Amino acid sequence: MSNGDVKLFQQTAFSNIIKHVVENIKEGIIITDENGDIVWVNDAFEVVTGYKREEIIGKNPRILQSGIHDRAFYKQMWKAIIEHGHWQGEICNKRKDGELYVEWLTVHAIYDSEEQIANYVAIFSDITLQKNQLEQLKKMAHYDMVTGIPNRYLFTKRLEELTKIAARYGQTLAVMFFDLDRFKFVNDTFGHHAGDLLLQKVALRIKGILQKKDTLARFGGDEFVVMIPAVSHDEEVIRVARAIIEGLKAPFVVNGQDIYVTASLGVSFFPRDSEDSTLLIRNADRAMHSAKRKGKNRFEIYSQSEHGSDAVDLALENDLHKAMERGEFSLHYQPLVHLATNEVVGVEALIRWNHPERGFIPPATFIPLAEETGLIVAISQWVMEEACRQLKELQRHHPKLKMNINLSTSCFLQHELIDNLERFISCTNIDPRYLEIELTESTLMPNAAFAIERLVQIKKRQIKIAIDDFGTGFSSLSYLHRFPIDTLKIDKSFIRHLSSYRGEAAIVKAIIDMGRSLNVTVVAEGVETEKQYKFLKDYGCDCVQGYYISKPLPFDELLPFLHEWKAE
Ligand code: C2E
Ligand code: CA
Ligand code: CA
């Protein structure tokens, strides 16, 4: 082959390769004449735009315009092409079927030998999918998938920005942290789907309470955070906190069920409590935990002196995790005496935590902590097992003795409750008729229908049921007959003033009468004096429990006590 032949071959081969590439490349290509009318398009053009080659030749690419971009956009594009020979950028176009798509477009001007524009070549790739994915990613990164409200990331970013603005203008800003006191209840009983629905409804209701300038975010689980910028007075935030608590009072209808939730809120202020956005959130969180400990369904404003030392609680929480394996729990037993016969008919198991450094920690301190951390489930199982075991032992001498066991809300709601009860009963081989579960009104009331169902399951196993601390909850006397209960335990706060306030005496008398008409056993708790004891006996109360009879006793003191009592 001569040199000339090689050159010709290279040229032909080269143009064949180019032709092949241009025709088969997945980027769309448009070639126009100097007026901008289309003279050639490749296969990919047809695929992306939906136009056939024959229907587009001779037309202006304007046909693809989506209407999204204004005239200035195209003007600037053409200016660049004329002045610099090319333009590159993102553009939104319309397919033949009307669907919009986003393309990454490069336009080149092609010049002839006289340096005049002879053609334009546009090369584009459809990036709609990637764009959508990016948008989706952005959304996922910034918004909570369940409720659609901002997530922790976006909230923190906004808070950082807004604290800067607040600092510049000398403004106050509030951060409010709250979580739902009974969310776990819904998740555990109705499943996660219902839980998600509830979260959505809660978010919607709270948004309705807030103003446009406020931000509501979900940090995960049942934790929500509100940011209120440009606060003119503390009272403004307190009003919002009250409105949220009030606003949650009406039931949420989820899957046809009425669900009651309450919230505990904590508030911190910028710059008073901290100028750092992370600390602001943490302080609001601490105040919220304090609100929970003080009885839930309330709000608490952060105060350095009160909440600054929460590290102590963290240490306690750590110790609580270890308490079980270290064997630091024990049960004490408080006797219940039948007034008519003066016999000890049963004992109530009350848990004790003997902390290695701090000594005895009362259940009122660590049970709420155990509830918050979920440790209550393991603790309760231990209590049930231990109580069943020791009842078996006690019944060797006192075969008719009953055992009362306290059950916290989360344990009552636990799926495995019935299985566990059955297991403990069969392992220890006790007669379930001698077991009584104590539940408070606040455990039963939020979802009475579910509670009744569960109580019926418990009763089917012949286990007895008592309502504990009766009178302190928010229930009315009238609903009581709906619950299949055996015992009503009048809260000790009514007994305390029994002989000094006539009002208390009337309430106690009414409860005793009502118990009788419902055919349930009425127990008075916290009986400390002979006067109280006599009053209760006169009014026909069935049983008493309290220091007047005996303090809760460790197991090895209980047997001698029972023995002596019998001998009396
Ligand atoms: P509770 O079920 O109402 O138990 C009665 C409480 O009253 C006990 O307090 C008992 O020691 C106390 N008490 C008894 N007689 C008198 C009296 O005459 N006067 C006064 N002022 N108090 C009296 P304790 O043992 O500190 O328990 C406090 C609460 O902790 C219990 O209240 C119960 O709600 C909870 N708790 C105790 N043990 C358990 C448990 O094993 N599981 C669960 N979930 N909760 C428990
Ligand atoms: Ca009790
Ligand atoms: Ca009680």
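Let me begin by describing the structure that accompanies this report. The residue count restarts for each chain, going from 1 along the sequence in the order it is written. All chains are assigned letters beginning with A, and all ligands numbers beginning with 1, in the order in which they are written. In view of the model being predicted, local features appear only for residues whose pLDDT reaches at least 70, and side-chain atom pairs are presented and counted only at 80 or more, with totals across whole chains, interfaces and linings using the full set of residues. Just so you know, side-chain values use all the structure's heavy atoms and leave hydrogens and water out.

The next point concerns the overall build of the protein. Summing up its helical and strand segments, the protein has 22 helices and 22 strands in all. Taken over the C-alpha trace, the protein has a radius of gyration of 37 Å; the compact-globule value for 568 residues is 24 Å, which it surpasses by more than 25%. Along the three orthogonal principal directions, the C-alpha set of the protein runs to about 130 × 60 × 45 Å. Each residue's exposure class comes from its accessible area (1.4 Å probe, protein chains only) as a fraction of the maximum for that residue type: buried when under 20%, exposed when over 50%, partly exposed otherwise. The buried share among the 568 residues of the protein stands at 46%. Contacts between residues were defined by any pair of non-hydrogen atoms, one from each residue, lying within 4.5 Å. Residue pairs at least 24 apart in sequence account for 60% of intrachain contacts in the protein once pairs closer than 6 positions are excluded. Computed over 68 positive and 79 negative side-chain charges, the inter-centroid distance for the protein is 4 Å. Put simply, DSSP H or I for four residues or longer makes a helix, DSSP E for two residues or longer makes a strand, and each gets a number counted from the N terminus. The globule rule used here is 2.2 Å times the number of residues to the 0.38 power, and the radius of gyration it is set against is calculated over C-alpha atoms. By the counting scheme adopted, Arg and Lys are positive, Glu and Asp are negative, and His together with the chain ends is not counted. By convention, the point assigned to a charge is CZ for Arg, NZ for Lys, CD for Glu and CG for Asp.

By the convention used here, strands pair only if DSSP detects at least 2 bridges between them. A sheet is described by the order of its strands in space; here five strands give the open sequence β2-β1-β5-β4-β3, paired in antiparallel fashion. Every interior strand has two partners, whereas the edge strands, β2 (38-41) and β3 (86-94), have only one. Pairwise comparison of adjacent strand axes, ignoring direction, gives a mean angle of 25 degrees for this sheet. Axis definition: a line fitted to C-alpha atoms, limited for helices to the stretch in contact. Angles are taken between N-to-C directions and run from 0 to 180 degrees. Sheet strands in contact with helix α4 (residues 71-84) are β3, β4 (100-111) and β5 (117-126), and its direction is about 150 degrees off that of β3.

The next point concerns the sheet that holds strand β6 (residues 172-180). Overall, mixed pairing links the five strands, which are arranged β7-β8-β6-β11-β12 in an open sheet. The strands lining the two open edges of the sheet, one partner per strand, are β7 (215-220) and β12 (299-301). When strand polarity is set aside, the average angle formed by the axes of neighbouring strands in this sheet is 20 degrees. Taken together, the three bridges between strand β11 (residues 263-270) and β12 define a ladder with parallel strand orientation. For Val267, the partnering residue across the bridge sits in β12 and is Ile301. Set on the sheet, helix α6 (residues 152-169) makes contact with β6, β7, β8 (223-231) and β11; between it and β8 the angle comes to about 20 degrees.

Moving on, we come to the coordination of the calcium ion (ligand 2). At this site the calcium ion (ligand 2) is bound by Glu348 (OE), Asn406 (OD1), Glu438 (OE) and Asp468 (OD), with donor distances of 2.1 to 2.3 Å. Read N to C, the donor residues that coordinate the calcium ion (ligand 2) are spaced as E-x57-N-x31-E-x29-D. Because no water is among the atoms considered, metal sites can look incomplete, with donors defined as N, O and S atoms within 2.8 Å of the metal, or 3.2 Å for Na, K and Ca. Taken as a pair, the calcium ion (ligand 2) and the calcium ion (ligand 3) lie 3.8 Å from each other and share Asp468 as a ligand. Of the two residues, Glu348 sits in strand β14 (residues 343-355) while Asn406 sits in strand β16 (residues 402-406), which places them 58 residues apart along the sequence.

Any residue with at least one heavy atom within 4 Å of a molecule or strand is counted as near it. Around ligand 1, 20 residues are found, and the nearest of them are Gln334, Arg352, Lys492, Glu528 and Tyr547. By the criterion applied in these results, polar contacts are pairs of N or O atoms within 3.5 Å in which, for protein atoms, one can donate a hydrogen and the other can accept it, and in which residues neighboring in sequence qualify only through two side-chain atoms. Residue Glu348 places a side-chain N or O atom 3.2 Å away from an oxygen atom belonging to ligand 1. Working definition of accessibility: Shrake-Rupley area with a 1.4 Å probe, residue cover restricted to the visible protein chains. In isolation ligand 1 exposes 790 Å². Once the protein is present, 83% of that is buried. Only β14, α13 (363-373) and β18 (464-470) provide two or more residues apiece to the shell around ligand 1. Among the elements that make up the shell around ligand 1, the one with the highest residue count is β14 (four residues).

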